[in-house]
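# Commentary on secondary and tertiary structure
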Amino acid sequence: MANAAALSMNFAENPLLKSLTLYLFFAGTVAMGAGALYFFLLRDNVAPAYRSAMVVAGLVCAIACFHYLKMTDVYKNTGGQFPTALRYIDWLFTTPLLLVKFPLLLRLGEKGAKFFWQLVVLDVAMIATAFIAETSTVNSERWWTFFLVSCVCEALIVGVLYLQLGQSIKEAPAPLAKALETMRLFVLVGWAIYPIGFLMARSGYGELREIIYNIADVINKVGFGLVAYHGIKALDHHDSGHH
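This write-up is about the structure you can find in this document. The structure presented is a predicted model; accordingly, all values stated were derived computationally and were not measured.

## Comments concerning the side chain of N14
Here N14 lies in the segment before helix 1 (16–42). Other than its neighbours up to four places away in sequence, N14 contacts L7, S8, S19 and L22.

Shown next, in the form of structure tokens:
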């Protein structure tokens, strides 16, 4: 497979599913790059207290854009091999940054440090154990064990967001609380796509899995940042309306 002919840039010459997957790698690169530029440019458009959240949103998309550029290259030049290691490296950097936005937007100060570390440690454990599972023999005991540990870490992340941060989110100003509740749903629902995709490996739906991952990645990174931005802007209007 390593010596397979590279995929053609004339998509009609490739098998349909491979062309669609390649196209979505390209589209993912463009979407992440546009998202990064957009969030960096909007940084000065928000109140100083929330600028770090916009920088983090831009960083998430910039890191993903770089990895998508590399993943597109690998997928195209190997004739359709999946760039799994690169995908996990991307997730290792971007998913903790996505979660950090919760304490940043809530402006919890010292109190937020505890949640920050809880979320980051759980997230790194989730990605690391998922990668060990991913590189194990499908359906083996090791594959299932590390996959389930990863799922537990994901459930604990959701627990922190809903149970431990629930009260702080409820007490936040209404526009921001609404944005944070939507962002929580991204993690609860949007992130659930990844373990489902992982299980697709058992059925051999490799291309379909990459397609789902690429679409989910753009929604969970660019969409997540947009919700945060609109929450911050709505808060601005809300505050100015009360002066």
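## Notes on empty space enclosed by the protein
Applying the stated criterion across every chain, the model contains 2 cavities of 30 Å³ or more. Counted as a void, the largest cavity has a volume near 260 Å³. Lining the largest cavity are 20 residues; nearest its centre among them are W91, I127, E154, Y194 and P195. Looking at the lining of the largest cavity, the elements with two or more residues in it are helix 3 (84–106), helix 4 (110–134), helix 5 (141–164), helix 8 (193–200) and helix 9 (206–241).

## A look at the nonpolar core
Formed by 64 residues in total, the largest nonpolar core has its most connected members in F102, I157, L165 and V187. Elements with a minimum of two residues in this core: helix 1, helix 2 (51–77), helix 3, helix 4, helix 5, helix 7 (174–190), helix 8 and helix 9. The element contributing the most residues to this core is helix 2, with 11 residues. Apart from the residues lying within four places of it in its own chain, the contact partners of F102 are L161, L165, L180, M183, R184, V187 and F224.

## Topic: the packing of aromatic side chains
Tallied over the entire structure, the rule returns 19 aromatic pairs. Judged by centre distance (5.0 Å) and plane angle (70°), the rings of Y88 and W91 are edge-to-face. With a gap of 3 residues between them, Y88 and W91 both fall in helix 3, about one helical turn apart. With relative accessibility at 7%, the residue Y88 sits in the buried group. In this structure an aromatic cluster arises from ring pairing among Y88, W91, F131, Y194 and Y213.

What counts and how
Residues numbered from 1 in each chain as written. Predicted model: local features only at pLDDT ≥ 70, side-chain atom pairs only at ≥ 80, totals over all residues. Heavy atoms only, no water. Helix = DSSP H or I, 4+ residues; strand = E, 2+ residues; numbered from the N terminus. Contact = heavy atoms within 4.5 Å. 1 Å grid on protein atoms, 1.4 Å probe; cavity = no way out; pocket = protein on both sides within 12 Å on 5 of 7 lines; lining within 4 Å. Points joined across faces, edges and corners; volume = space filled by probe spheres on them. Core = buried A, V, L, I, M, F, W, Y, C linked by side-chain atoms within 4.5 Å. Buried < 20%, exposed > 50% of the residue type's maximum accessible area, 1.4 Å probe, protein only. Phe/Tyr/Trp six-rings, centres within 6.5 Å; stacked < 30°, edge-to-face > 60°.

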